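Here are the chains, one letter per residue:
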Amino acid sequence: MKKGISIITFLLLSITAFAQENNKELVKMYEKDQASRMNGPIDWAVLSREDSIRRASVDRMIEEGKVKTAQDFYHAAMIYQHGNDTIASGKAVQYMKKAVEMDPSTNKWLLAAAIDRDLMRKGEPQIYGTQFLKNGMNEPYIQYEIDSTQVSDAQRQEYGVPTLAQQKIQLERMNQKKLAAMLSDKKVEDIAVFIQDHYEDENSEYDLSEMGINSFGYQLMAMNRNEDALIILKLNTELYPKGANTWDSLGEIYQNLGKTQQSIRAYKKSLELNPENDHARKMIQEQQNSED
């Protein structure tokens, strides 16, 4: 403890730091950033302007000292991840490193993605393998050049990134249709029936993998369709009951809906399947503390 600071003052400062709330304005900006990419078709000229406004707002918040928590820095990093130059990609890396430094349980996938995108913006090979692109609207996805020697598969998995072998499968799935495309003419309940009937069909034109279904659930969340997201994410745990991530996602949607006990049970199941899931452990603790 620094000289001149009493124990009481130190404890008060510690409690204040612990009780810091996430920046609500930044949370809303993050949600809009995500939702704007889920509700296609996308007008990229309009989205580019909106992205630049969001980045300017983040800069203002940084200058005013309003970006304080690990979650704040995570949200700031995601907003900068969608920039189109090395300044933006560099800030995405910087803010994600800060988020992980402040809270090691933060989902590290975005840090890997930010590092890869920063390398791509600089014209260098990526190292984790998170970046895929198209050479034209009607062209298939390809994986951006990767230097596979810089990071091991164990390190990729630590950051929530698929192994090199899994990335090949991921690329195949990316070139399948997305479940969100059905939203234009089907109810979510009907899409759920389709998933249940066809998820074992290897020749399906839609991505019905555990990850594909999970992504659809998160798209619904980003659109503030939480009840619909619950239908999809709950189904995913039924189809892929041994997937720790499916249960983690179910815990999150229950938490969003204020169903604390169901959320805790889902997170506990995820932790049982993956004892290294620090995010689930943290969410369980936070929700149990809020009930005390």
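Everything numeric here is computed off the predicted structure, so don't read it as measured data.

Undergrad: Is there a simple way to explain helix α6 (residues 109–121) in this structure?
TA: Along its 13 residues, α6 runs 18 Å from first to last C-alpha, staying within 8% of the 18 Å computed at 1.5 Å per residue. Where α6 is concerned, the buried positions are Leu110, Leu111, Ala112, Ala113, Ala114, Ile115, Asp116, Asp118, Leu119 and Met120. Buried residues in α6 make contact with α4 (70–81), α5 (86–102) and β1 (132–133). Immediately beyond the C-terminal end of α6, within one or two residues, lies Gly123, with a positive phi of roughly 80°.

Undergrad: When you look at the layout of surface pockets in this model, what are you seeing that I'm missing?
TA: Picture a little ball the size of a water molecule; that probe, rolled over the atoms, points out where space is still empty. In this structure, the second largest pocket spans a volume of roughly 260 Å³. Together, 14 residues line the second largest pocket, and Arg173, Gln176, Asp201, Glu202 and Ser209 are the ones closest to its centre. Class assignment for the residues of the lining of the second largest pocket results in five nonpolar, three polar and six charged.

Undergrad: Just to check I follow, could you spell out the side chain of Asp118 for this structure?
TA: With respect to the helices and strands, Asp118 occurs in helix α6. According to the relative accessible area criterion, Asp118 is buried, its value standing at 10%.

Undergrad: Even after reading the chapter, I still don't get the packing of aromatic side chains, so can you show me in this structure?
TA: Two aromatic rings are characterised by how far apart their centres lie and by the angle between their planes. Under the criterion given, the structure shown has six aromatic pairs. Aromatic pair Tyr199 and Tyr240: ring centres 6.0 Å apart, planes at 75°, arrangement edge-to-face. Separated by 41 residues along the polypeptide, Tyr199 in the loop between α9 (188–198) and α10 (210–222) and Tyr240 in the loop between α11 (226–239) and α12 (244–256) bring together distant segments of the chain. Look at Tyr199 and you get partly exposed, because its relative accessible area is 24%.

Undergrad: Honestly, helix α3 (residues 44–63) in this entry has me stumped. Any pointers?
TA: Residues separated by three or four positions in an α-helix point in the same direction, a consequence of the helix having 3.6 residues per turn. Compared with the 28 Å implied by 1.5 Å per residue over 20 residues, the 28 Å span of α3 between its first and last C-alpha is a close match. Among the residues of α3, those classed as buried are Leu47, Asp51, Arg54, Arg55, Ser57, Val58 and Met61. Projected down its long axis, α3 carries its buried residues within an arc of 160°, all on one side. Of the exposed residues in α3, the ones pointing more than 90 degrees away from its buried face are Arg49, Ile53 and Glu63. In the core, the buried residues of α3 are packed alongside α2 (24–35), α4 and α5. The distance from a side-chain oxygen at the start of α3 to the backbone nitrogen of Ala45 is 3.2 Å, and the residue carrying that oxygen is Asp43. Among the residues trailing α3, Gly65 stands out with phi positive, at a value near 70°.

Undergrad: Would you take a moment to explain the packing of α2 against α3 for this structure?
TA: To describe two helices that pack against each other, one gives the angle between their axes and the distance between the axes. At a minimum axis separation of 11 Å, α2 and α3 run at an interaxial angle of 160°. With respect to α3, the axis of α2 lies roughly antiparallel. Judged by the twist between their axes, the crossing of α2 over α3 is left-handed. In contact with Glu25, Leu26, Met29, Lys32 and Asp33 of α2, α3 contributes Asp51, Arg54, Ser57, Val58, Arg60 and Met61. Classifying every residue of the contact of α2 with α3 gives four nonpolar, one polar and six charged.

Undergrad: I'm lost on the pattern of salt bridges in this one. Help?
TA: With the rule as written, the count across this model stands at 15 salt bridges. Among the ionic pairs, Asp118 bridges to Lys122, the shortest N-O distance being 3.1 Å. Judged by relative accessible area, Lys122 falls into the partly exposed class, the value being 48%. Measuring nitrogen to oxygen at the nearest pair gives 4.0 Å for the salt bridge that ties Lys282 to Glu286. Here Lys282 pairs with Glu286, and both are found in helix α14 (residues 278–291), just four residues apart, close to one helical turn.

Undergrad: How should unusual backbone geometry be read in this particular structure?
TA: Glycine aside, residues mostly have negative phi angles, and peptide bonds mostly take the trans form. The residue Asn224 is not glycine, and still its phi comes out positive at about 65°. Within the secondary structure, Asn224 is located in the loop between α10 and α11. Since its relative accessible area comes to 60%, Asn224 is described here as exposed.

Undergrad: For this particular structure, what's the right way to read the side chain of Thr163?
TA: Residue placement: Thr163 occurs in the loop between α7 (153–158) and α8 (164–174). Residue classification places Thr163 among the buried positions, given a relative accessible area of 12%. Not counting the four nearest positions on each side in its chain, Thr163 is found in contact with Asp153 and Gln157.

Each value, and the rule that gives it
Residues numbered from 1 in each chain as written. Predicted model: local features only at pLDDT ≥ 70, side-chain atom pairs only at ≥ 80, totals over all residues. Heavy atoms only, no water. Helix = DSSP H or I, 4+ residues; strand = E, 2+ residues; numbered from the N terminus. Expected span 1.5 Å × (residues − 1). Buried < 20%, exposed > 50% of the residue type's maximum accessible area, 1.4 Å probe, protein only. Contact = heavy atoms within 4.5 Å. 1 Å grid on protein atoms, 1.4 Å probe; cavity = no way out; pocket = protein on both sides within 12 Å on 5 of 7 lines; lining within 4 Å. Points joined across faces, edges and corners; volume = space filled by probe spheres on them. Nonpolar A, V, L, I, M, F, W, Y, C, P; charged D, E, K, R; others polar. Phe/Tyr/Trp six-rings, centres within 6.5 Å; stacked < 30°, edge-to-face > 60°. Arc of directions from axis to C-beta. Polar contact = N/O pair within 3.5 Å; in protein donor to acceptor, adjacent residues only side chain to side chain. Axes fitted to C-alpha atoms, helices over the stretch in contact; angles between N-to-C directions. Parallel < 35°, antiparallel > 145°, perpendicular 65-115°, else oblique. Left-handed = near helix turned anticlockwise from the far one by under 90°. Salt bridge = Lys/Arg side-chain N within 4 Å of Asp/Glu carboxyl O.

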